[in-house]
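# Working through the structure, step by step
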Amino acid sequence: MEVKSSVNKKLLKQHHSFDVKNTNTKYDDEAMQLSLTYFSVTNQKPAFAIETSKNLSNLSQKVFYQLLAIEEYMKIMDIHYERNFELNEQEIAKILNNHGSLGINSNILLDLTDIKKYLSYIPIKSKSNEFKFSHPLGKIKKIKGRYSVFIGNRQVTQLKPQYFNLTNDCQDKLDFVIDGKKVSLSNTSDFYVNADFKVIKNKKQRVNIIGYQPKGHIDESDVTISLKNLNKNYSVDKKHKVYRIEFYKKEEFCSMLMVHFK
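Residues numbered from 1 in each chain as written. Predicted model: local features only at pLDDT ≥ 70, side-chain atom pairs only at ≥ 80, totals over all residues. Heavy atoms only, no water.

### Concerning the overall build of the protein chain
Secondary structure summary: the protein chain contains 4 helices and 15 strands in total. Relative to the globule expectation of 18 Å for 262 residues, the C-alpha radius of gyration of the protein chain, 25 Å, shows a markedly less compact shape. If one aligns the C-alpha atoms of the protein chain with their principal axes, the spans along those axes are about 75 × 40 × 30 Å. Out of the 262 residues belonging to the protein chain, those deemed buried represent 36%. In the protein chain, the share of contacts with a sequence separation of at least 24, taken over all contacts with a separation of at least 6, comes to 50%. As displayed, the protein chain offers around 16600 Å² of accessible surface, 48% of which is attributable to carbon and sulfur atoms. Across the protein chain, 42 positive and 29 negative side-chain charges occur, with their mean positions spaced 6 Å apart. (Helix = DSSP H or I, 4+ residues; strand = E, 2+ residues; numbered from the N terminus. Rg over C-alpha atoms; globule rule 2.2 N^0.38 Å. Buried < 20%, exposed > 50% of the residue type's maximum accessible area, 1.4 Å probe, protein only. Contact = heavy atoms within 4.5 Å. Areas by Shrake-Rupley, 256 points an atom, 1.4 Å probe, with all protein chains shown as cover. Lys, Arg positive; Asp, Glu negative; His and termini not counted. Charge placed at Lys NZ, Arg CZ, Asp CG, Glu CD.)

### Points about the state of the cysteines
Following the criterion strictly, the structure yields 1 disulfide and no others. Between the sulfur atoms of Cys170 and its disulfide partner Cys254 the distance amounts to 2.0 Å. Note on the Cys170 and Cys254 pair: the S-S dihedral is about -80°, so by sign convention the disulfide is left-handed. On the criterion of sequence distance, the pair formed by Cys170 in the loop between strand S7 (154–163) and strand S8 (173–178) and Cys254 in strand S15 (residues 252–261) is long-range, its members being 84 residues apart. (Disulfide = S-S within 2.5 Å.)

### Examining the pattern of salt bridges
One pass over the structure, following the stated rule, counts 8 salt bridges. Put simply, Lys4 and Asp19 hold a salt bridge, and the shortest N to O gap is 3.1 Å. Of this pair, Lys4 sits in helix H1 (residues 2–7) while Asp19 sits in the loop between H1 and helix H2 (36–41), and the two are 15 residues apart along the sequence. Among the salt bridges present, the one from Asp219 reaches Lys201, with a minimum N-O distance of 2.9 Å. Here Asp219, found in the loop between strand S12 (206–209) and strand S13 (225–226), pairs with Lys201, found in the loop between strand S11 (196–199) and S12; they are 18 residues apart in sequence, far enough to count as distant. According to the relative accessible area criterion, Lys201 is partly exposed, its value standing at 47%. Sharing partners across several salt bridges, the network here consists of Lys10, Glu72 and Lys75. (Salt bridge = Lys/Arg side-chain N within 4 Å of Asp/Glu carboxyl O.)

### Describing the packing of helix H3 (residues 59–76) against helix H4 (residues 89–97)
Between H3 and H4, the shortest axis-to-axis distance is 9 Å and the interhelical angle comes to 110°. It follows from the interaxial angle that H3 and H4 lie roughly perpendicular. For H3 against H4, the interelement crossing comes out right-handed. Counted together, Leu59, Ser60, Gln61, Val63, Phe64 and Leu67 of H3 and Glu89, Ile92, Ala93 and Leu96 of H4 form the full contact between these two elements. Within the contact of H3 with H4, the residues separate by chemical class into 7 nonpolar, 2 polar and 1 charged. (Axes fitted to C-alpha atoms, helices over the stretch in contact; angles between N-to-C directions. Parallel < 35°, antiparallel > 145°, perpendicular 65-115°, else oblique. Left-handed = near helix turned anticlockwise from the far one by under 90°. Nonpolar A, V, L, I, M, F, W, Y, C, P; charged D, E, K, R; others polar.)

### Quick word on the environment of Thr167
Among the structural elements, Thr167 can be located in the loop between S7 and S8. Contact partners of Thr167, with chain neighbours within four places excluded, come to Lys249, Glu252, Phe253 and Cys254. Within polar-contact distance, the side chain of Thr167 engages the backbone nitrogen of Asp169 at 3.1 Å. (Polar contact = N/O pair within 3.5 Å; in protein donor to acceptor, adjacent residues only side chain to side chain.)

### Overview of the pairing of strand S5 (residues 138–143)
Pairing geometry for S5 and strand S6 (residues 146–151), over 6 bridges, is antiparallel. Residue pairing in the sheet places Lys142 in a bridge with Tyr147 of S6. Hairpin geometry of S5 and S6 is characterised by an intervening segment of 2 residues between the two adjacent antiparallel strands and by a positive phi of about 55° at Lys144. (Pairing = 2+ DSSP bridges.)

Listed below in structure tokens is the structure:
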């Protein structure tokens, strides 16, 4: 009842309420006998379950009440804890929407936070690809020839592959002119542009800037590119500010960089 009283003093909406119900998990409720709570109490361990309503408008509200109730229990039990964010709906929403990154075969790095729901012609191998998530709940599921990318139970994007052989015989450093300044970048880098950029020509590799559609260009190096030169249908992100730059050696794929226009 102490937890109930504390939570009800911190409600997000006036019509919300937090209550306590004894489900008699061990004896009466057959549905609860599949729960972790049932496993605990049948093994002589005290347990409680916190449920949030299906009628709550969004996930951040549900997580807020879950965390709030857990913390109130921990205070009563004198359990010390640390939290590196403010416990409010806005901060929780930011955390839930931060999907981290996905690395593919050590030569592609995709930021999943604002990624489009569908990306086509992702250069990968026909088999034995390595997918590495920064998010602990990240997973890949191949469905009808496409790679669905999940964070928990959310599908954040879907990747249509274009199969290539990969080569390790690529340049470690790639030269660019960004807003008039020459810089060297490593493979899979992200870089930011105010006005324009140019990939400096390298005889060992050819460049494909996804979204730039000139006529008769096989290699798109030594071309100054601004945001207006790019077709937004080929952007990586929903705001149409991030685009792919791909490097190839003959017909083998080397690496992908991301340009972000401010």
